[in-house]
Protein chains: 2
Amino acid sequence: MNEISLIPDTCADCPIRHRAVCAKCESDELERLDAIKYYKSFKAGQAIIWSGDEMDFVASVVSGVATLTQTMEDGRTQMVGLLLPSDFIGRPGRPLASYDVTATTDLVMCCFRRKPFEDMLVETPHIGQRLLEMTLDELDAAREWMLLLGRKTAREKIASLLSIIMRRDASLMLKTGQGPLVFDLPLTREAMADYLGLTLETVSRQISALRRDGVIALEGKRRIIVPDFDLLLEETGDDADGGMLA
Amino acid sequence: MNEISLIPDTCADCPIRHRAVCAKCESDELERLDAIKYYKSFKAGQAIIWSGDEMDFVASVVSGVATLTQTMEDGRTQMVGLLLPSDFIGRPGRPLASYDVTATTDLVMCCFRRKPFEDMLVETPHIGQRLLEMTLDELDAAREWMLLLGRKTAREKIASLLSIIMRRDASLMLKTGQGPLVFDLPLTREAMADYLGLTLETVSRQISALRRDGVIALEGKRRIIVPDFDLLLEETGDDADGGMLA
DNA sequence: GGCGGGTCTTGATCTCGATCAATGACCAGA
DNA sequence: TCTGGTCATTGATCGAGATCAAGACCCGCC
């Protein structure tokens with residue numbers, strides 16, 4: 001039950017050491033960060049922050065998956081961020097949260113008290129430089145996502161989401177021999193719908209359709225098997241070369 | 001015909017001096033920037049950059065409006081950025097353009113040669129700090145945009161776009177007496193459709209509907225008159241307080 | 001002053017995904 | 001073992017926006 005074993009003893013042991021906001025830090029900078037940081041764990045489904053909450057910290061996702069969502073007055077919900085290990089939560093200089101943040105799997109965060117973090121942002125350039133890189137990457141991802149939301153069909157949206165999740169946690173992915181790739185969806189059908197701008201029924205139908213057509217196979221509800229990754233890519237509507245950024 | 005008169009003589013005269021990437025620069029930093037900069041003008045409709053092009057500069061929009069768009073193989077197009085004066089074009093460290101950039105009005109850009117700009121980014125923290133702020137703002141805007149694309153109705157999308165354009169160039173806006181606000185759309189119906197993830201026919205129909213319902217009035221095709229801004233805001237689907245970021 | 005092309009509007013019809021509704025699968029707890 | 005709850009699937013029908021099509025408006029140009 002206790003997830004404390006997943007919390008790294010030192011930054012050197014940290015699974016996101018080389019990809020998170022601290023990636024460029026020297027050991028003296030890490031020591032300074034160490035003094036203002038603490039770990040926090042959440043269970044799958046638990047709310048981390050509500051939009052409008054006061055936020056006295058910023059954080060990195062150490063393990064697990066969280067989502068950023070916006071909700072309209074009448075309840076319509078859109079996911080606007082999918083946070084995987086090493087991703088950053090919060091905005092320096094902003095005291096109130098702008099989005100709802102929810103853990104969709106069990107999750108560990110490495111939190112930094114906001115004020116001292118902001119001071120370090122000014123004083124130690126490595127953190128600001130890394131945060132700029134990460135923010136530019138997120139902006140690129142947001143722009144791909146906008147193309148998906150505005151112009152892709154439901155089937156293309158599902159195929160795109162599957163390939164995005166596969167790519168983003170490629171390191172954690174289970175490989176079965178040569179070809180087929182296996183991974184677990186960290187999202188419910190409803191969360192997938194909120195990501196894609198669809199209803200959960202349409203998500204379910206399109207997953208069934210992709211299964212019928214042999215593009216994917218299922219093991220239980222959450223485990224996806226992709227026998228041929230190129231076949232999945234063709235269904236995304238992206239360019240053959242992945243439509244990825246040059 | 002010659003737009004050269006719109007090019008500022010010195011940075012002190014520059015209309016975007018206090019909002020662009022150079023906003024935090026001291027005079028010595030401005031001098032360094034000055035040595036690597038040049039102005040470039042474009043006519044309405046002209047392509048500035050194609051996705052995949054080599055880009056040996058980054059730039060600020062000085063005056064006019066440009067768009068960032070992505071196009072799928074079959075021609076489906078989605079706008080992913082609307083660049084108004086002071087907005088930044090290009091990504092430090094990236095030699096190839098990721099998006100098509102097009103001038104939708106006559107436009108002046110202040111370009112910086114990329115390599116020396118990247119050097120300054122490392123050496124003078126003010127530029128990197130400002131670029132980080134601007135990028136975080138763009139990311140917030142992209143997330144609002146995702147909510148619009150994924151969950152808003154066609155009518156809400158149009159109302160949202162109108163209020164976004166009004167807000168963003170509020171400074172340039174023509175005020176007629178007290179209440180009614182007047183502004184010119186810097187986009188064709190087709191560009192609006194690409195912004196909103198709609199067809200141009202639907203854009204046209206919804207604009208007509210908002211006109212019929214008295215939410216807006218038209219003067220020609222491009223000039224919009226808003227008799228009551230609150231009425232327009234109600235049509236956007238956003239929270240009463242603008243749904244804006246805390 | 002009429003012609004041609006770009007831009008915009010409006011109408012008729014179709015279709016994809018939403019909505020409404022029922023059922024199934026799975027699991028934790030009584 | 002049964003029960004209630006969450007999550008997912010599938011079917012029937014509806015409707016917002018896409019698509020196809022026809023004109024209107026506007027402006028520069030020969």
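Preceding this paragraph is the structure being described.
The following paragraphs examine the structure supplied in this document.

Basis of the calculations
Residues numbered from 1 in each chain as written. Chains lettered and ligands numbered in written order. Predicted model: local features only at pLDDT ≥ 70, side-chain atom pairs only at ≥ 80, totals over all residues. Heavy atoms only, no water. Near = heavy atom within 4 Å. Polar contact = N/O pair within 3.5 Å; in protein donor to acceptor, adjacent residues only side chain to side chain. Helix = DSSP H or I, 4+ residues; strand = E, 2+ residues; numbered from the N terminus. Nonpolar A, V, L, I, M, F, W, Y, C, P; charged D, E, K, R; others polar. Contact = heavy atoms within 4.5 Å. Buried area = accessible area lost by both parts, 1.4 Å probe. Salt bridge = Lys/Arg side-chain N within 4 Å of Asp/Glu carboxyl O. Core = buried A, V, L, I, M, F, W, Y, C linked by side-chain atoms within 4.5 Å. Buried < 20%, exposed > 50% of the residue type's maximum accessible area, 1.4 Å probe, protein only. Phe/Tyr/Trp six-rings, centres within 6.5 Å; stacked < 30°, edge-to-face > 60°. Axes fitted to C-alpha atoms, helices over the stretch in contact; angles between N-to-C directions. Parallel < 35°, antiparallel > 145°, perpendicular 65-115°, else oblique.

As a further point, take the protein's contact with DNA strand D. If you check the shell around DNA strand D, you find 17 residues, and the closest are Arg189(A), Ser204(A), Ser208(A), Ala154(B) and Thr202(B). Within 4 Å of the protein, the contacting atoms of DNA strand D are 61% sugar and phosphate, with bases supplying the remainder. Contact distances for DNA strand D include 2.4 Å between a phosphate oxygen and a side-chain N or O atom of Thr202(B). Listing elements by their share of the surface near DNA strand D, those giving two or more residues are helix H6 (200–212) of chain A together with helix H6 (200–212) of chain B. It is H6(A) that contributes the most residues to the surface near DNA strand D, 5 residues altogether. Taken together, the residues of the surface near DNA strand D break down into 3 nonpolar, 7 polar and 7 charged.

Glancing now at the interface of chain B and chain A. When the parts of a complex come together, some accessible area is lost, and that lost area is often taken as the interface size. On the chain A side, the residues contacting the 49 residues of chain B number 48 residues. Taking both sides of the interface into account, the surface hidden between chain B and chain A amounts to around 4400 Å²; carbon and sulfur atoms contribute 55%. When residues of chain B are sorted by the area they lose upon contact with chain A, Arg143(B), Met146(B) and Arg151(B) head the list and together hold 18% of the total. Where chain B packs against chain A, one counts 12 salt bridges. Of the charged contacts, one joins Arg91(A) and Asp137(B) as a salt bridge, the two residues approaching to 2.9 Å between their closest N and O atoms. The interface formed by chain B and chain A contains 28 residue pairs in polar contact (both at pLDDT 80 or more).

Bringing the nonpolar core into the picture now. Judged by nonpolar contacts, the single largest core of 108 residues is most densely connected at Ile48(A), Met109(A), Ile216(A), Ile48(B), Met109(B), Leu162(B) and Ile216(B). Grouped together as the second largest cluster of nonpolar side chains are 50 residues, Ala20(A), Leu131(A), Cys11(B) and Val58(B) included.

This part takes up the packing of aromatic side chains. Residue and element names in this part refer to chain A. Per the stated rule, a full pass over the model turns up 6 aromatic pairs over all chains. Between the aromatic rings of Trp-145 and Tyr-195, the centroid separation amounts to 4.0 Å while the plane-to-plane angle is 20 degrees, which identifies the pairing as stacked. Highlighted residues: Trp-145 in helix H3 (residues 125–151) and Tyr-195 in helix H5 (residues 189–196), separated in sequence by 50 residues. The exposure class of Trp-145 is buried, given its relative accessible area of 8%. Overall, Tyr-195 belongs to the buried group, its relative accessible area being 4%. A network of ring pairs unites the aromatic residues Phe-88, Phe-112 and Phe-117 as a single cluster.

In a packed pair of helices, the relevant descriptors are the angle between the two axes and the axis-to-axis distance. Residues and elements named next belong to chain B. The contact between helix H4 (residues 154–168) and helix H5 (residues 189–196) brings their axes to 11 Å, and the two run at 105 degrees. With respect to their mutual orientation, H4 and H5 come out roughly perpendicular. Across the interface between the two elements, Lys-157, Ile-158, Leu-161 and Ile-164 from H4 touch Met-192, Tyr-195 and Leu-196 from H5. Residues that form the contact of H4 with H5 fall into these classes: 6 nonpolar, no polar and 1 charged.

On their own, these measurements won't tell you what the molecule is for.
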